[in-house]
Amino acid sequence: MDGETQTKYIFVTGGVVSSLGKGIASASIGRLLKARGLRVTILKFDPYINVDPGTLSPYQHGEVYVTDDGAETDLDLGHYERFIDESMSKKNNATTGSIYYTVIRRERRGDYLGKTVQVIPHITDEIKRRIRNVATDGEPREVVIVEVGGTVGDIESLPFLEAIRQFCLEQGHENCMNVHLTLVPYVHAAGELKTKPTQHSVMRLREIGIQPDMLLCRVETHLPEELREKIGLFCSVPKEFVVEARDVESIYEVPLIFEEKGVADKIVERLHLHGHEPDLKAWREFVYRIKNPSSYVRIAICGKYTELHDSYKSIIEAFVHAGVENDARVELKWVASEVLEKRPPEDYLSDVSGVLIPGGFGERGIEGKIRAIRYARENKMPFFGICLGLQCAVIEFARNVCKLEGAHSSEFKDDTEHPVIDLLPTQVDVENLGGTMRLGAYKCEIKPGTLAHKAYGTTQIEERHRHRYEFNNAYRKQLEECGLIVSGVNPELDLVEIVELRDHPWFLGVQFHPELKSRALRAHPLFRDFVRAALEYKHRVEPEENGDNGLE
Ligand code: GLN
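Everything in this summary refers to the structure shown in the same document. Treat the numbers as computed from the prediction; the structure is a model and nothing was measured.

Parameters and conventions
Residues numbered from 1 in each chain as written. Predicted model: local features only at pLDDT ≥ 70, side-chain atom pairs only at ≥ 80, totals over all residues. Heavy atoms only, no water. Patch = residues over 30% accessible without salt bridge, like charges linked within 9 Å, V, L, I, M, F, W, Y side chains within 5 Å. Areas by Shrake-Rupley, 256 points an atom, 1.4 Å probe, with all protein chains shown as cover. Salt bridge = Lys/Arg side-chain N within 4 Å of Asp/Glu carboxyl O. Helix = DSSP H or I, 4+ residues; strand = E, 2+ residues; numbered from the N terminus. Buried < 20%, exposed > 50% of the residue type's maximum accessible area, 1.4 Å probe, protein only. Contact = heavy atoms within 4.5 Å. 1 Å grid on protein atoms, 1.4 Å probe; cavity = no way out; pocket = protein on both sides within 12 Å on 5 of 7 lines; lining within 4 Å. Points joined across faces, edges and corners; volume = space filled by probe spheres on them. Nonpolar A, V, L, I, M, F, W, Y, C, P; charged D, E, K, R; others polar. Axes fitted to C-alpha atoms, helices over the stretch in contact; angles between N-to-C directions. Parallel < 35°, antiparallel > 145°, perpendicular 65-115°, else oblique. Left-handed = near helix turned anticlockwise from the far one by under 90°. Pairing = 2+ DSSP bridges.

**As for a nonpolar patch on the surface**
Side chains of Tyr100, Ile104, Val119 and Ile120 sit close together on the surface and give an oily, nonpolar patch of about 330 Å² of accessible area. Elements represented by at least two residues in the nonpolar patch include exactly helix H4 (96-109) and helix H5 (119-135).

**Some thoughts on the environment of histidine 513**
Structurally, histidine 513 can be placed in the loop between strand S23 (507-510) and helix H19 (525-541). The class of histidine 513 is buried, set by a relative accessible area of 11%. Distance in space between the C-alpha atoms of histidine 513 and glycine 385 is 9.7 Å, their sequence separation being 128 residues. What histidine 513 contacts, discounting residues up to four positions off in sequence, is Gly359, Ile386, Cys387, Glu463, Arg464, His465 and Arg466.

**Looking at the layout of surface pockets**
Considered as a void within the structure, the second largest pocket measures approximately 670 Å³ in volume. Around the second largest pocket, the lining is made up of 30 residues, and of these Pro58, Gly359, Gly360, Phe361 and Arg466 lie nearest the centre. For the lining of the second largest pocket, the per-class residue count stands at 15 nonpolar, 10 polar and five charged.

**Details of the packing of H5 against helix H6 (residues 158-171)**
Taken N-terminus to C-terminus, the directions of H5 and H6 make an angle of 65°; their axes are 9 Å apart at the nearest point. Relative to H6, the element H5 lies roughly perpendicular. Crossing of H5 over H6 shows right-handed handedness. Seen from H5, the contacting residues are Val119, Ile120, Ile123, Thr124, Ile127, Lys128, Ile131 and Arg132; seen from H6, they are Pro159, Phe160, Glu162, Ala163, Gln166, Phe167 and Glu170. The residue inventory of the contact of H5 with H6, partitioned by class, reads nine nonpolar, two polar and four charged.

**Considerations on the pairing of S23**
Going residue by residue along S23, you find Phe507 and Gly509 tucked away on one face and Leu508 and Val510 tucked away on the opposite face as well. Where strand S15 (residues 383-386) lies against S23, four bridges are found, and the strand directions are parallel. Directly across from isoleucine 386, in S23, lies its bridge partner valine 510. Pairing of strand S22 (residues 495-501) with S23 involves three bridges; the strand directions are antiparallel. Note that in S23 the partner of isoleucine 498 across the bridge is valine 510. Linkage of S22 to S23, two consecutive antiparallel strands, is achieved through a turn of five residues, within which aspartate 503 is found at a positive phi near 60°.

**Considering the sheet that holds strand S5 (residues 93-95)**
Judged by pairing direction, the sheet is parallel, and its seven strands sit side by side in the order S5-S2-S6-S1-S7-S10-S11 without closing on themselves. What marks the edges here is a single partner per strand, and that holds for S5 and strand S11 (242-246). Across this sheet, the average inter-strand angle for adjacent strands is 20°, counted without regard to direction. One ladder, built from six bridges, connects strand S1 (residues 8-14) with strand S7 (residues 176-183); its direction is parallel. The residue bridging phenylalanine 11 from the neighbouring strand is asparagine 178, located in S7. Against the sheet, H4 touches strand S2 (40-46) and S5, its axis set at about 75° to S5. Sitting on the sheet, H6 touches S1, S2, S5, strand S6 (143-148) and S7, and the angle it makes with S1 is about 155°.

Quick look at the structure:
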């Protein structure tokens, strides 16, 4: 892209109800433009006052996604990375809180020279600055997609919409496009699809001064042509730009149904972009393989928020990618770690072929996780521990193999006799909870000949972290003598990042979050190998009869 080329902006808003999948829609548009050779990035605005979601409970917000540069962000950034295969940075997510924080700090410094600081123009100027900022982050982008969280009509999103209105005016009609995602519900009593909510939502947008250029209409099955025409007429959108966005089995199909409806071609035409013919071969193949696996394997996830699948979004998706690489469907069995404290683990784990313990905070359910790990270790069932999962594996090993009675993490018992997991030295003086964990990508050196080495195929990796506690090196020698293998170490601080076990087919714990780096077309090597080990376990334990692969 030469210096003259103007970046094009696509704003994605949502109407009628939340949870229509704006994140997936934005990521899908990104994938289709990238498939045409265009350089794309995505920015997410979140209209809440928290500076970032790092201090929010998973019950409120779902997973906190972490970028390489250590930002704690909205989980939609995970979809962006997985779909468009580009790494996001802290510039790709901004909340109302972070925008006000910047403006208020400037005001305290006296930067506004005695002026009254107001939503318009000071907050809107800062919003516009953030949009321009992602366009020039690193290599210049031809397209910036901006997703606005929340639903049109919310009080909170008004400053963002006003900033977008101004931004489009300043950049010119040919450089900006507004895409609005709405719902066309089917009312059973009337036996009809209803367009009124869409009309009202667009009305709200137009009141603010934004005329949508394209409507993506979520509909259960099909949006007939006469309804597209009607919506177009009432909303002042050409019929061809009123798009049926029907429900699909897998989120990874969304780019394909958008392509089928010509979404990207219309965007390219409207914004005068220059892309080549779309190359979606690998993506189509990927979706085909999700829907047509040759076998299946069941894996248990033992965590605290098992009823809240959004809290483990990236893990769930990492299993989809890893399943495809193994030509298998991974069925996840959610086991609340607390129930494992009340009943023997075999009651829950005898019908699975692998156990995963995800990250987490707080003591609730810890003993249940430790029991599940013991079961996996003793039964030679593949085990994968992530962050808190590694920490629990170390505790279990210290207690039951090394006979260090009462071994624990000082997060849960500060006077424990054997703090095999302890606060990182850099965390001791931390007072504020927001944004102060060990965050972002750190280097890790891998020991040759280990499972980790086999998976990664290299000895130098970088993975993303989000934690305050860590393997206590005072116990390293003792645990290694009992059969623990330290297979990955951070070279700068000599921190244990990966552990494995002697005499076990696949037992691996990592202090980082590998799920954050799994991409649709590039499964994470550890998830890939874990699923493979689970399939091997399944075949060992219950050899296939008559070629039955267990699929219905
Ligand atoms: N609570 C643990 C810590 O802070 C683990 C964190 C996690 O699993 N992300 O170290």
